[in-house]
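# Residue-level structure breakdown
The residues making up each chain are set out below.
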Amino acid sequence: MTRNNTGKEQIIRTICNSHCGGNCEMQVHVKNGRIIRIEPDDREGRPRMCLRGHAYRQRVYAPDRILYPLKRTGPRGAGEFSRISWEEALDTIAFEMKKVKSEYGNAAFLHFCSMCDPHVLHHVGAFHRLLCKFGGYTAPWGFISNEAAAFSAGATYGTYRRYSQVEHDSEEYLKAKYIIMWSWNPVDTEQGTNTPWHLMQAKEKGAKIICVDPRYTDSAAVFADKWIPVRPGTDTAVLVAMANVIINENLHDEGFINSYTSGFEKYKEYVLGSTDGLPKTPEWASAISGVAADEIKEMARLYATEKPAVLATSIAAGRTAFGEQYHRAAAALEAITGNLEFNDWQSRSPKGFRINPHPTPPNQVEQEAPPRWNALPFRGKSVNSSARVNISLFADAILKGKEGGYPADYKFLWLSNTNYLNQLSEVNKTAKAFERLEFMLVTEQFMTASARYADVILPVCTFLERTDIMSPRAASIFGGKNVVGILNKAIEPLGESKSQLQICEALAPKLGITDYGNEPDENRVREIVAQISEEINLPDFETLRKEGIHIIEASPSSDSLKGTHSKPSPKPFSTPSEKIDIYSDVLARMNHPQIPAVPTYIEPWESIHDPLTEKYPLQLITPHIKRRAHSQFDNLPWLRELQEQRLSIHSTDAELRGIRHGDMVRIYNDRGEVRIPADVTERIMPGVVAIPQGAWYTPDKKGIDYGGCANVLTKNATSPGGSFVSSTALVQVEKEDR
Ligand SMILES: Nc1nc2c(c(=O)[nH]1)N[C@H]1C(S)=C(S)[C@@H](COP(=O)(O)OP(=O)(O)OC[C@H]3O[C@@H](n4cnc5c(=O)[nH]c(N)nc54)[C@H](O)[C@@H]3O)O[C@H]1N2
Ligand SMILES: Nc1nc2c(c(=O)[nH]1)N[C@H]1C(S)=C(S)[C@@H](COP(=O)(O)OP(=O)(O)OC[C@H]3O[C@@H](n4cnc5c(=O)[nH]c(N)nc54)[C@H](O)[C@@H]3O)O[C@H]1N2
Ligand SMILES: [Mo]
């Protein structure tokens, strides 16, 4: 695995995990220190890397890659920078950090690190350790992707591990007679690399597949027997009405309910309307959601009787106004029909394989703070700390600080592996927040919308230019088995770019930290392998690094939980009742009208009944797109060629506005304006429009975005449980008047 310049071609194995739901083995062909080709793994049953993985070579050698430290020379956001030395960059950062620390204290530092290449060495842990050694910082809480699902799983099962109900094993799909794909489009939106393959096998074996989505997605086209369009944000009503049909027709599974759930009677009262006088009938849900009552009845009956049935509810519908209710209602439906598999979800968690590469002191900023009001007891103490800021509200926190009820005034922002100006809601508001900061540091590979606001940008290398380890984790692609993998370095870092860990190692002494350490990546990875080997059987390091992803065959805790619809071990749930809490005491104690104890439909803000519809009559959703991982890869010509950034709009809505296929349109609301071409189609329901999330915010002088960044239009608000809300926004669309 040594790198040389002898002109011989070498194949180096690594794992691509660039912030999608995949983990794909890569064979990187290197000649004379340059990547000449990237191929997928070709072994039977192994994950096949996608178009983005194939195009990674273009990303590494992109002409717009940032290869040197940069200092801002123009106003924030203008993108005017000049090259500086590492020495100057580190001195500047250290000076500003010390100043902010002495003037405002450590809580004034905000640091965020997202999920790209989320491995052990070059990820959040490296920054966290540095900042904790520096006296602490304000960290975020809340998963951007799925906080609603995590909140629901916490309340319902007492764990946040089974946070998404697409986390089913391939075996479950292969056995299923009936599969509901709800808010789930795995053909485009990666959720486990081999998932579409397993779904195809399920279909070939005769499973009936239904797709519930406002869009007729590629997944609906390929897999589904039926597409059921639903109004965004109204899924809970449909799920509750399905429970109504099931209970009224006595199709629920009494045995399962009695053995494994708690609070069914209270849910039944809500569903049948005995408490509020409003039975949650299919007709009731139909008026809310646009789904025909007969469709709801049929889905309910088939789901309750065509067993085994899988309700695969993905997380986009959870990123709506009251998203946690959608996940709670889905979990309740699964439980009352006994369609819940237990075979995997404890073994899924690689518990016990705690990697502790470096001792890290506690984060002083969080030490004394009490838990936040909506903390769930099953989450870690630091995640529950009221000193943290909800990730989606960080711009609001910068703008309002202590006066606005936040725990501190925020002065210094460090973004690593994230592009939050582009990726969190209300770009124009976030831009204002960035302008207020005393100092902003961004560690990046590209001049993103966020990086344009930085005072200093540090160049980060790609995962192909560093060594790392994928720590033991469960992967649905391997039937829930735990896996471990080595990410081998294929080439030297380009230009003066450095890895995340190298950056922290270089900055530490400038901050007066003498014990951060400084060691080659490979040594650290060897140490970690040795550490894991104490707990589980692993091949030696050299074998492991040649292998790519290593499947850990025997999983210590899985034996007792194997089998088809096997019953769980006596008390697998850490809820107060030690059962599946359909009624949750923990939620009841929060005593908040919008966090009810049983799953409840709550009308979203900016719904079709909002008076705002007079100005902005269309509901905007912002799905993920195949050719990008969020904002990543948007700048690569190979991928741009494949899919244009367009607004999907139904032909009747387009006709009403004189819009023809391909016309440039204005999409706007009070928060901003985007202009991109229209895709006039019948593959989206009337009244709903879609902009694929992640396109690079590219404003003109008036602030009109021609890049197609959906978050110019989304609202900066969280659900009561803390979910990022990216699919609850009203807009108007009209033809661009040139
Ligand atoms: N190619 C690619 N794959 C990715 C990513 C990527 O950026 N690109 N991102 C990865 C990450 S980090 C995440 S979190 C996951 C996200 O995974 P998801 O959240 O599942 O992905 P989305 O594409 O946003 O949404 C899935 C489907 O939900 C539909 N939908 C939107 N709103 C609603 C609603 O209110 N109700 C219903 N029923 N359906 C709705 C959309 O039309 C879409 O077809 O994807 C991962 N995979
Ligand atoms: N409207 C709307 N907005 C959304 C969503 C939505 O559905 N709708 N989805 C949300 C979701 S689920 C998520 S998870 C967030 C994602 O939000 P982000 O995490 O901000 O999105 P990315 O585009 O992945 O940004 C990663 C950035 O890190 C840089 N980077 C720096 N170092 C590295 C590195 O070592 N490796 C890699 N690969 N990149 C590095 C990349 O160049 C890139 O600019 O977006 C959210 N935003
Ligand atoms: Mo995500």
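On a predicted model such as this, the values are computed, not experimentally measured, just so you know. (Residues numbered from 1 in each chain as written. Chains lettered and ligands numbered in written order. Predicted model: local features only at pLDDT ≥ 70, side-chain atom pairs only at ≥ 80, totals over all residues. Heavy atoms only, no water.)

Glancing now at the side chain of H630. Counting through the fold element by element, H630 comes out in the loop between β21 (618–621) and α23 (637–640). A polar contact is formed between the side chain of H630 and the backbone oxygen of H19, at a distance of 3.1 Å. Residue contacts for H630: discarding those within four places in its chain leaves H19, Q423, H624, Q693 and G694. (Helix = DSSP H or I, 4+ residues; strand = E, 2+ residues; numbered from the N terminus. Polar contact = N/O pair within 3.5 Å; in protein donor to acceptor, adjacent residues only side chain to side chain. Contact = heavy atoms within 4.5 Å.)

Attention now moves to the site of ligand 1. For ligand 1, the set of nearby residues contains 38 residues, the closest of which are E190, D213, D235, S314 and R628. Note that an oxygen atom of ligand 1 is positioned 2.5 Å from one of the side-chain N or O atoms of S314. Taken by itself ligand 1 offers 920 Å² of open surface, and the protein chains cover 97% of this. When its residues are assigned to classes, the shell around ligand 1 shows 14 nonpolar, 15 polar and 9 charged. (Near = heavy atom within 4 Å. Areas by Shrake-Rupley, 256 points an atom, 1.4 Å probe, with all protein chains shown as cover. Nonpolar A, V, L, I, M, F, W, Y, C, P; charged D, E, K, R; others polar.)

This part covers the confidence of the model for the protein chain. Here the protein chain averages 92 in pLDDT, and 93% of its residues register 70 or above. A low-confidence stretch, residues 344–352 stays under pLDDT 50, and its non-local contacts, those more than four residues away or across chains, total 29 contacts. This stretch, residues 555–566, has a pLDDT under 50; its non-local contacts, to residues over four places away or in other chains, come to 24 contacts. (pLDDT = per-residue confidence, 0-100.)

Moving on: the packing of aromatic side chains. Tallied over the entire structure, the rule returns 19 aromatic pairs. Pairing Y616 with Y668 gives two aromatic rings, centres 6.2 Å apart and planes at 85°, and the pair type is edge-to-face. Placement of Y616 in the loop between α22 (585–590) and β21 and of Y668 in strand β23 (residues 664–669) is noted, with a sequence separation of 52 residues between them. When its relative accessible area of 6% is taken as the criterion, Y616 is described as buried. Directly above the aromatic system of F633 lies the positively charged group of R59, at a separation of 4.8 Å from the ring centroid. (Phe/Tyr/Trp six-rings, centres within 6.5 Å; stacked < 30°, edge-to-face > 60°. Buried < 20%, exposed > 50% of the residue type's maximum accessible area, 1.4 Å probe, protein only. Lys NZ or Arg CZ within 6 Å of the ring centre and 35° of its normal.)

Taken as a whole, helix α11 (residues 264–272) has its buried residues at F264, Y267, Y270 and V271. Projected down its long axis, α11 carries its buried residues within an arc of 120°, all on one side. Elements in contact with the buried residues of α11: α9 (235–248), α10 (254–260), β11 (261–262), α12 (282–289) and α14 (323–336). (Arc of directions from axis to C-beta.)

Before going further, it helps to examine the pairing of strand β18 (residues 482–487). Burial analysis of β18 places 6 of its 6 residues in the buried class, the great majority of the element. The alternating pattern of β18 places N482, V484 and I486 and V483, G485 and L487 on opposite faces, both of which are buried. Two elements, β18 and strand β19 (residues 549–551), share 3 bridges in a ladder whose sense is antiparallel. Looking at β19, one finds that V484 is bridged to H550. (Pairing = 2+ DSSP bridges.)

This part covers the environment of V389. On the secondary structure map, V389 appears in strand β13 (residues 389–390). Among the residues examined, V389 registers a relative accessible area of 2% and is labelled buried. Taking the C-alpha atoms as reference points, V389 and L239, separated by 150 residues in sequence, lie 32 Å from one another.

With parallel pairing, the 4 strands of this open sheet are ordered in space as β10-β9-β8-β12. Looking along the sheet, the strands with just one partner apiece sit at the ends: β10 (226–228) and β12 (309–313). On average, each strand axis in the sheet is inclined to that of its neighbour by 15°, with strand direction left out of account. This element, α9, spans β8 (178–182) and β12 of the sheet and lies at about 155° to β8. Across the sheet, α14 touches β8 and β12, and the angle it forms with β12 is around 175°. (Axes fitted to C-alpha atoms, helices over the stretch in contact; angles between N-to-C directions.)

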